[in-house]
Amino acid sequence: MDYFINKKGWLKWFKGWLIIDCAIRDKNIVYLCLRKDLSPEAASSVFEHDIPSELVSIFLDEERLDFRYGGVGVTGFNKPTLGVSRIPKGQGLLTARNSDGQTYVVGSGSSWPNEYIDKDSWPIIQRIKCINNYAYAVGLGRKVYKRSDIGVWVKHEKGFPKVDSSIEQGFKDIDAFSETDMYAVGGHGDIWHFDGTQWRAIVFPTNVQLNTVVCAPDGQVYIGAERGDLWSGRNTSWKRVYEGNSSLLWNDIVWFSNKLWLSSDYEFCVWDGKSLLPVEHDGQPIPITGHLDAYDGLLIIANQTEVWSFNGSAWQTIAAPY
């Protein structure tokens, strides 16, 4: 098999590790988060933050085989989540779900110090989303932060009531049409809108779990919900456009090539405005599920052992076992 990452690169960075997340900085640079593949017995004997992680960079415009990848080992990161910033610099961000929101930074320089999103405040970051080229982080207990500069995370909390946190509160995801028209979702039907000044609660027709949100170029806000449901709407008007029957939430929802793409651990589908269909190419199903990202004319999907890309016309296997 001829994969973009050669066997040498696979053995160095992938063999014995599981891919858990992916993020696109631009059409030429993709980041992956991997964690050590431990046996159930070994995993049960250590704390989550003791499982080693890797942050791997893939350079899609590099012709030299041994220069197409690079990586770094990261320790002490509890259930890390991966994202990117493009302002003030193009960088990959790996954030731990811990008391500080500790963040490992790579890109646009040889070395960067760790950042702390909200030290000693337990932000419990669930997702990093790049909006208007800035990185935003959302966490449980309705936490929202903007990375306004390198090492500077600004908390956006105006409008949220001062109440004790509960599982019914968000957030799991955030997206925006602009910095004055943002939506954050999570918890049990917990949706909030930011108008550039403060957050306001939005009445939603159901209190099921919400996990993903996309503010799409077609003017609609799409929300992935419990059972694999898909909701569409805006402001106070919402409609369930697809009723799922899955035991899993969608991992990621992205807009690419004028369509909505959705992925979970079991499904990889596209919403064409009328139906939710398995992703196919030239009449053949694309046999991969997992985590998803799209930006700059490129779509990436990764399961635990493989990474595939799609440029709108052709699929390519970036990495897979040898």
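Residues numbered from 1 in each chain as written. Predicted model: local features only at pLDDT ≥ 70, side-chain atom pairs only at ≥ 80, totals over all residues. Heavy atoms only, no water.

Undergrad: Looking at this model, I keep getting lost on the pairing of strand β13 (residues 173–178). Mind explaining?
TA: Side-chain positions along a regular strand alternate between the two faces of the sheet. Here β13 runs beside strand β14 (residues 181–186); their pairing, made up of five bridges, is antiparallel. By the bridge assignment for β14, Asp-173 is matched with Val-185. From the end of β13 to the start of β14, which pair antiparallel, there are two residues. (Pairing = 2+ DSSP bridges. Helix = DSSP H or I, 4+ residues; strand = E, 2+ residues; numbered from the N terminus.)

Undergrad: What should I look at first to understand the layout of surface pockets in this one?
TA: To find leftover empty space, a probe the size of one water molecule is rolled over the atoms. Its volume calculated, the second largest pocket comes out at about 190 Å³. Surrounding the second largest pocket, Gly-141, Arg-142, Lys-143, Lys-155, Glu-157, Phe-160, Pro-161, Lys-162, Val-163, Ser-165 and Gln-169 form its lining. Among the residues making up the lining of the second largest pocket, the classes are represented as three nonpolar, three polar and five charged. (1 Å grid on protein atoms, 1.4 Å probe; cavity = no way out; pocket = protein on both sides within 12 Å on 5 of 7 lines; lining within 4 Å. Points joined across faces, edges and corners; volume = space filled by probe spheres on them. Nonpolar A, V, L, I, M, F, W, Y, C, P; charged D, E, K, R; others polar.)

Undergrad: Just checking my understanding: could you explain the nonpolar core for this structure?
TA: For soluble globular proteins, nonpolar side chains are generally found buried alongside one another. In terms of nonpolar packing, the biggest core is built from 21 residues, with Ile-5, Phe-14, Leu-32, Ile-58 and Val-307 touching the most fellow members. If you list the elements that add at least two residues to this core, you get α1 (7–13), β1 (17–26), β2 (29–36), β3 (53–59), β28 (298–302) and β30 (315–319). Looking at which element gives the most residues to this core, the answer is β1, with four residues. Apart from residues lying up to four places away in sequence, Ile-5 is in contact with Trp-10, Phe-14, Ile-58, Arg-68, Tyr-69, Ile-318, Ala-319 and Tyr-322. Counting residues in hydrophobic clusters, the runner-up holds 15 residues, among them Val-254, Val-270, Ile-288 and Ala-294. (Core = buried A, V, L, I, M, F, W, Y, C linked by side-chain atoms within 4.5 Å. Buried < 20%, exposed > 50% of the residue type's maximum accessible area, 1.4 Å probe, protein only. Contact = heavy atoms within 4.5 Å.)

Undergrad: Would you mind going over the pattern of salt bridges with me for this structure?
TA: Close approach of charged atoms allows side chains of opposite charge to pair. Enumeration according to the criterion identifies 18 salt bridges in this entry. A salt bridge links Asp-173 to Arg-127, with the shortest nitrogen-to-oxygen separation between them at 3.3 Å. Residue Asp-173 is located in strand β13, and its partner Arg-127 is located in strand β9 (residues 125–131); the two are separated by 46 residues in the primary sequence. Overall, the relative accessible area of 2% leaves Asp-173 in the buried class. On the accessibility criterion, Arg-127 (13% relative accessible area) is buried. Residue Arg-127 is joined to Asp-252 by a salt bridge in which the shortest nitrogen-to-oxygen separation is 2.9 Å. Remark: Asp-252 occurs in strand β21 (residues 252–256) and Arg-127 occurs in strand β9; sequence separation between them is 125 residues. By relative accessible area, which is 8% here, Asp-252 ends up buried. (Salt bridge = Lys/Arg side-chain N within 4 Å of Asp/Glu carboxyl O.)

All quantities given are derived from atomic positions and should not be read as evidence of function.
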